[in-house]
Amino acid sequence: MRLDATPLGGQERFGVLLGQIARHWRARLDRRLSEFGLTDARWVTLLHLARSGDGLAQKDLAAGIGVGGPTLVRTLDRLEREGLVVRVGDVQDRRAKTVHLTAKAIPVLRLIEETAAAVRSELLSGISAAELDLCLAVFDRVAANLAAAPARTDCENGHRAA
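A brief report on the enclosed structure follows. (Residues numbered from 1 in each chain as written. Predicted model: local features only at pLDDT ≥ 70, side-chain atom pairs only at ≥ 80, totals over all residues. Heavy atoms only, no water.)

## Some details on the overall build of the chain
Here is step 1: When its secondary structure is counted, the chain shows six helices and three strands.
Here is step 2: Secondary structure of the chain in N-to-C order comes out as α-α-β-α-α-β-β-α-α.
Here is step 3: A total accessible area of about 11,600 Å² is found for the chain, and carbon and sulfur atoms account for 57% of it. (Helix = DSSP H or I, 4+ residues; strand = E, 2+ residues; numbered from the N terminus. Areas by Shrake-Rupley, 256 points an atom, 1.4 Å probe, with all protein chains shown as cover.)

## Some points on the packing of helix 1 (residues 10-34) against helix 5 (residues 105-123)
Here is step 1: At their nearest, the axes of helix 1 and helix 5 sit 10 Å apart, and the two run at 135° to each other. By the criterion of interaxial angle, the relationship of helix 1 to helix 5 is oblique. In this structure, helix 1 crosses over helix 5, and the sense of that crossing is right-handed. For the pair helix 1 and helix 5, the contacting residues are Trp-25, Arg-28, Leu-29, Arg-32 and Leu-33 in the first and Leu-111, Ile-112, Thr-115, Ala-116, Val-119, Arg-120, Glu-122 and Leu-123 in the second.
Here is step 2: Grouping the constituent residues of the contact of helix 1 with helix 5 by class yields eight nonpolar, one polar and four charged. (Axes fitted to C-alpha atoms, helices over the stretch in contact; angles between N-to-C directions. Parallel < 35°, antiparallel > 145°, perpendicular 65-115°, else oblique. Left-handed = near helix turned anticlockwise from the far one by under 90°. Contact = heavy atoms within 4.5 Å. Nonpolar A, V, L, I, M, F, W, Y, C, P; charged D, E, K, R; others polar.)

## Some words on the packing of aromatic side chains
Here is step 1: Enumeration according to the criterion identifies one aromatic pair in this entry.
Here is step 2: Summarising the aromatic geometry, the rings of Phe-14 and Phe-139 are spaced 6.4 Å apart at their centres and angled 65° between planes, so their arrangement reads as edge-to-face. Of the two residues, Phe-14 sits in helix 1 while Phe-139 sits in helix 6 (residues 129-148), which places them 125 residues apart along the sequence.
Here is step 3: For Phe-139, a relative accessible area of 33% gives the class partly exposed. (Phe/Tyr/Trp six-rings, centres within 6.5 Å; stacked < 30°, edge-to-face > 60°. Buried < 20%, exposed > 50% of the residue type's maximum accessible area, 1.4 Å probe, protein only.)

## Points about the sheet that holds strand 3 (residues 97-101)
Here is step 1: Taken together, three strands build an open sheet; the order of strands is 1-3-2 and the sheet is antiparallel. Two strands close off the open sheet at either side, each with one partner strand: strand 1 (56-57) and strand 2 (85-89).
Here is step 2: Sheet topology note: the strand 2/strand 3 ladder contains five bridges and is antiparallel. When the sheet's bridge partners are listed, Val-86 is paired in strand 3 with His-100.
Here is step 3: In the packing of helix 4 (residues 69-81) onto the sheet, contacts are made with strand 2 and strand 3, and the angle to strand 2 comes to roughly 115°. (Pairing = 2+ DSSP bridges.)

## Structural notes on the environment of Val-85
Here is step 1: Along the chain, Val-85 turns up in strand 2.
Here is step 2: A sequence separation of 18 residues divides Val-85 from Ala-103, and the C-alpha atoms of the two residues are 8.8 Å apart.
Here is step 3: Aside from chain neighbours lying at most four places away, what touches Val-85 is Leu-46, Leu-49, Leu-76, Leu-79, Glu-80, Val-99, His-100, Leu-101 and Thr-102.

## Focus: the side chain of Thr-75
Here is step 1: Within the secondary structure, Thr-75 sits in helix 4.
Here is step 2: On the basis of relative accessibility, which here comes to 12%, the residue Thr-75 falls in the buried class.
Here is step 3: Those residues in contact with Thr-75, other than ones at most four positions away along the chain, are Ala-41, Arg-42 and Thr-45.

## Considering a nonpolar patch on the surface
Here is step 1: A contiguous nonpolar patch, built from Phe-14, Leu-18, Leu-134, Leu-136, Val-138, Phe-139, Val-142 and Leu-146 and spanning about 670 Å² of accessible area, is present on the exposed surface.
Here is step 2: The set of elements that each furnish at least two residues to the nonpolar patch consists of helix 1 and helix 6.
Here is step 3: Tracing the chain through its elements places Leu-146 in helix 6.
Here is step 4: Taking the relative accessible area as the measure of exposure, Leu-146 reaches 63% and is therefore exposed. (Patch = residues over 30% accessible without salt bridge, like charges linked within 9 Å, V, L, I, M, F, W, Y side chains within 5 Å. Salt bridge = Lys/Arg side-chain N within 4 Å of Asp/Glu carboxyl O.)

The structure is reproduced here in structure tokens:
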């Protein structure tokens, strides 16, 4: 809740818009992919596996997509039942498993990539290459600042970041 009615400043507006754009972009992609029976958990897991290389450790996959181990296990159980992934015991550590895409996952990944490309094209329509490059340069600097800043807990001051 804002204490006054003054317009948002540039930095504050940047944070708000960045969060809103990310949520709406993801929601649009989720809606499109749901038409093919793909849930957010399933397509994100498949895409992360494809982009990270085959044979990703299950714990690394969970960390990479930002979910807990039990949540990932449920998703992998379903993907494995559908024949899209297989889990293989790690020869170095019998407690660990690596996750591998199957050949059956390839057309699903193509569908995910094509759908994501179509959404990207729609949302970036009318934005020049120079404008996009400038935006990406700003994102790179913000990402570098995040990487350099000491980690702080969420709601450190009782507020969510904007």
